[in-house]
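Fold and contact review
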Amino acid sequence: MPSGASGKSFYVVWKGRQTGVFTTWKEAENSVKGFPGALYKGYPSREEAEEAWKAGPPSKSRQKRLEKTPSIAVPTANSPGLGIAVDGACNMVTGAAEYRGVNLKDGQLLFHGGPFPHATNNIVEFLALVHALAYCQKHGFWDLPVYSDSQTALAWVRKKKANTRKAAPATGSPVHDLIQKAEEWLQRHHWRNPLLKWDTAAWGEIPADFGRK
């Protein structure tokens, strides 16, 4: 996950063409892509990455998993682990809706969209999920889980289509254009980030919640 305002992550390569601590996924990828038995891992801060580099590679039991992912995010059965949480909210006074995504590790705000007039919760939660996937691709978080408490928005993303017939925004409106762009992005891109339902009963309100319930 990103650290500080720069939004960067840090990568340790224990086995690759070049080894050490790298400040971008592109640099790390050049060292490990196509390298037999490459061993690497992503960290949210330089300090953690340098400590991991000094400590040496993880045990053999963990190497197989790490060889295939630069991400440190692995959901567990009873807790969300690391990842990005997204949520949307509608202002009942103005009728505008907005969304945001936060880092599950420390609650850091990663992105925000809106407010958009004449939008619904489902619409902004759909936009939030697509924004999160685009954010992950931009920063090289290929396997980072993305959590939402909206089953509807998750279904729309998996279908690559927002079903807004019941509350369709006006053609040409800002949110209508954003929905189209989001759908086009989903059609053009492939992702492997797990899209997961936030278990509110087990974990409490999703950390991206706006607190307007």
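Before any of the text, the structure's been laid out above.
Residues numbered from 1 in each chain as written. Predicted model: local features only at pLDDT ≥ 70, side-chain atom pairs only at ≥ 80, totals over all residues. Heavy atoms only, no water.

**Some details on the sheet that holds strand β1 (residues 10-15)**
Strand order in the open sheet made by the three strands is β2-β1-β3, with antiparallel pairing throughout. In the strand order of this sheet, the two ends are held by β2 (20-22) and β3 (39-43), each with one partner. Neighbour-to-neighbour, the strand axes of the sheet open up by a mean angle of 25°, direction not taken into account. In terms of strand pairing, β1 meets β3 through five bridges, oriented antiparallel. Residue pairing across strands places F10 opposite Y43, the latter belonging to β3. Those strands touched by helix α1 (residues 25-32) are β1, β2 and β3, and its axis lies near 15° from that of β1. In this fold helix α2 (residues 46-55) packs onto β1, β2 and β3, with an angle of close to 10° to the strand it touches most, β1. (Pairing = 2+ DSSP bridges. Helix = DSSP H or I, 4+ residues; strand = E, 2+ residues; numbered from the N terminus. Axes fitted to C-alpha atoms, helices over the stretch in contact; angles between N-to-C directions. Contact = heavy atoms within 4.5 Å.)

**Some details on the side chain of E125**
Considering the arrangement of structural elements, one finds E125 in helix α4 (residues 121-139). A residue is classified by how much of its surface remains accessible, and E125, at 7% relative accessible area, is buried. Among all residues touching E125, those that are not within four sequence positions of it are D87, G88, D149, S150 and A153. (Buried < 20%, exposed > 50% of the residue type's maximum accessible area, 1.4 Å probe, protein only.)

**Some remarks on the nonpolar core**
Where a protein is soluble and globular, its nonpolar side chains tend to be buried together. Grouped together as the largest cluster of nonpolar side chains are 41 residues, with contacts concentrated most on I84, V86, F111, F126, L127, L129 and V157. For this core, the elements supplying multiple residues, two or more each, are β1, α1, β4 (84-90), β5 (96-103), β6 (109-117), α4, α5 (151-159) and α6 (174-188). Among the elements that line this core, the one with the most residues is α4, at eleven residues. Each residue touching V86, except ones within four places of it in the same chain, is listed here: R100, G101, F111, A128, L129, A132, V146, Y147, S148, I206 and A208. (Core = buried A, V, L, I, M, F, W, Y, C linked by side-chain atoms within 4.5 Å.)

**Details of the sheet that holds β6**
Read across the sheet, five strands follow the order β6-β5-β4-β7-β8 without closing on themselves; strand pairing throughout is mixed. Strands with a single pairing partner mark the edges of an open sheet, and in this sheet they are β6 and β8 (195-197). Each strand axis lies, on average, 20° off the axis of its neighbour in the sheet, ignoring direction. Relative to strand β7 (residues 146-148), β4 is paired through two bridges, and the arrangement is parallel. The residue of β7 that forms the bridge with I84 is V146.

**Thoughts on α6**
In this model α6 runs 21 Å from its N-terminal to its C-terminal C-alpha over 15 residues, within 8% of the 21 Å that 1.5 Å per residue would give. Those residues of α6 hidden inside the fold are in contact with β6, α4 and α5. (Expected span 1.5 Å × (residues − 1).)

**A look at α1**
Within α1, burial applies to W25, A28, S31 and V32. Buried residues in α1, looked at end-on, bunch into an arc of 125°, giving them a common side. Every exposed residue of α1 that faces more than 90 degrees away from the buried side is listed here: K26 and N30. Elements in contact with the buried residues of α1: β1, β2, β3 and α4. (Arc of directions from axis to C-beta.)

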